[in-house]
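# Notes for the structure review
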Amino acid sequence: MNTFNKLWGVVTPQEAMDKINEQKSVLNGKTPENLEEQAISLVGTDIYEKLVKGYTEKQWGRKATELPAFIIRRLPVRLTYDNNYFNDNFQGIPVGGYTQIVEKMLDHENITVETGVDFFDKKDEYMNDYDKVLFTGMIDQFFNYELGELEYRSLRFETEVLDEDNHQGNAVVNYTDAKTPYTRIIEHKHFEFGKGEEGKTVITREYPADWKRGDEPYYPVNNDKNNTLYEQYKELAAKKARNVIFGGRLGQYRYYNMDQVIAAALEAVNEEFEG
Ligand SMILES: Cc1cc2nc3c(=O)[nH]c(=O)nc-3n(C[C@H](O)[C@H](O)[C@H](O)COP(=O)(O)OP(=O)(O)OC[C@H]3O[C@@H](n4cnc5c(N)ncnc54)[C@H](O)[C@@H]3O)c2cc1C
């Protein structure tokens, strides 16, 4: 509602809904054939222009009219003055961040941790020496791309230390316009209240980037073509790599948020132990 109020001066949810409905009508009930039409059919033209168009075109490196409609099946519209992005009852990140939680979980005499090792440099050794392997890398790379390559989107991060206390007043600010080349700025000190050096702050700008082999893969591109190929890799895994659990966003080729990936991990554990 804060957004709608700033955009149109409306005050009540009904006024906001009326405005959206009025703007949606430009499509005359046409079935959306691309992302632009899909977004307009969900939230009208103003929100589309201000929040969806530039951001989506930056993220995907393609015009919204050339992107398929299915990318945004729905756009959650909440008619409340609560600015939280999600509706969940509990929202936050662990005190001290995720790294320390994982470090504590791995701090056990039976667990050996090796970092800085590419799985593929030791694949044969791991596959021979262990009954079970949990692999969280790219499933297509695991099979040496034998069925073809899955597509990913990548990111470039640009980090800067600024001589100011508080740059943006929030951990994340998104830039939804087409002109700004980055999609958002992260100001790290806001993830933990009251932490960080006075008079200094660290910010990171995120630039969307195409992905090619050798780059860090951040996001799977879940279109029909890639999903079909992933299913074929999954079948291959069931035949040729029965002792491997493929986990996480790269192993399961799916976009996950943290809560979703943790849920998926717990599910994988249950399947493993309960069959
Ligand atoms: C820029 C960005 C912002 C995000 N923001 C949020 C957010 O605000 N909220 C939220 O809930 N979620 C967010 N996410 C999503 C969240 O980060 C993921 O859901 C989560 O990290 C996925 O966990 P994972 O274990 O599947 O994969 P990862 O965390 O990527 O772990 C996979 C691990 O496997 C390792 N690996 C891969 N290949 C190899 C190899 N060949 N050899 C050795 N190691 C290998 C990688 O190094 C990595 O450590 C964000 C993601 C990105 C990219």
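These figures come from a predicted structure and were not determined experimentally.

## Description of the site of the ligand
Taken together, 18 residues sit near the ligand, with Phe119, Thr136, Arg249, Tyr256 and Met258 positioned nearest. In this structure, an oxygen atom belonging to the ligand sits 2.8 Å away from a side-chain N or O atom of Thr136. Between the ligand and Arg249, the relevant distance is 2.8 Å, taken from an oxygen atom to a main-chain nitrogen or oxygen of the residue. For the ligand, the accessible surface in isolation is 990 Å², of which the surrounding protein chains cover 59%. Elements with a minimum of two residues in the shell around the ligand: helix H8 (248-251) and helix H9 (258-274). Here the residues of the shell around the ligand sort into 10 nonpolar, four polar and four charged.

## What about the nonpolar core?
Counting 23 residues, the largest nonpolar core has Phe142, Phe143, Leu150, Tyr233 and Phe246 as its most contacted members. If you list the elements that add at least two residues to this core, you get strand S1 (133-135), helix H6 (139-142), helix H7 (224-240) and strand S7 (244-246). Broken down by element, the residue count for this core peaks at five residues, all from H7. Beyond its immediate sequence surroundings of up to four residues, Phe142 is in contact with Phe119, Phe120, Lys123, Met127, Phe135, Ala241, Val244 and Phe246. Of all hydrophobic cores here, the second largest spans nine residues; its members include Leu27, Ile40, Tyr48 and Val52.

## Observations concerning the domain arrangement of the chain
Annotation of the chain at the domain level lists domain 1 (2-73), domain 2 (97-150 + 216-274) and domain 3 (155-210). Look at where the C-alpha atoms of domain 2 and domain 3 centre, and you get two points 30 Å apart.

## Regarding the layout of surface pockets
By volume, the second largest pocket amounts to about 640 Å³. Forming the walls of the second largest pocket are 20 residues, and the residues nearest its centre are Val244, Ile245, Phe246, Gln252 and Glu271. When residues of the lining of the second largest pocket are traced back to their parent elements, those giving at least two are H7, S7 and H9. Considering every element that reaches the lining of the second largest pocket, the biggest residue donor is H9, with five residues. For the lining of the second largest pocket, the class distribution of residues is 11 nonpolar, two polar and seven charged.

Thresholds applied
- Residues numbered from 1 in each chain as written.
- Predicted model: local features only at pLDDT ≥ 70, side-chain atom pairs only at ≥ 80, totals over all residues.
- Heavy atoms only, no water.
- Near = heavy atom within 4 Å.
- Polar contact = N/O pair within 3.5 Å; in protein donor to acceptor, adjacent residues only side chain to side chain.
- Areas by Shrake-Rupley, 256 points an atom, 1.4 Å probe, with all protein chains shown as cover.
- Helix = DSSP H or I, 4+ residues; strand = E, 2+ residues; numbered from the N terminus.
- Nonpolar A, V, L, I, M, F, W, Y, C, P; charged D, E, K, R; others polar.
- Core = buried A, V, L, I, M, F, W, Y, C linked by side-chain atoms within 4.5 Å.
- Buried < 20%, exposed > 50% of the residue type's maximum accessible area, 1.4 Å probe, protein only.
- Contact = heavy atoms within 4.5 Å.
- Domains from an automatic or database assignment.
- 1 Å grid on protein atoms, 1.4 Å probe; cavity = no way out; pocket = protein on both sides within 12 Å on 5 of 7 lines; lining within 4 Å.
- Points joined across faces, edges and corners; volume = space filled by probe spheres on them.

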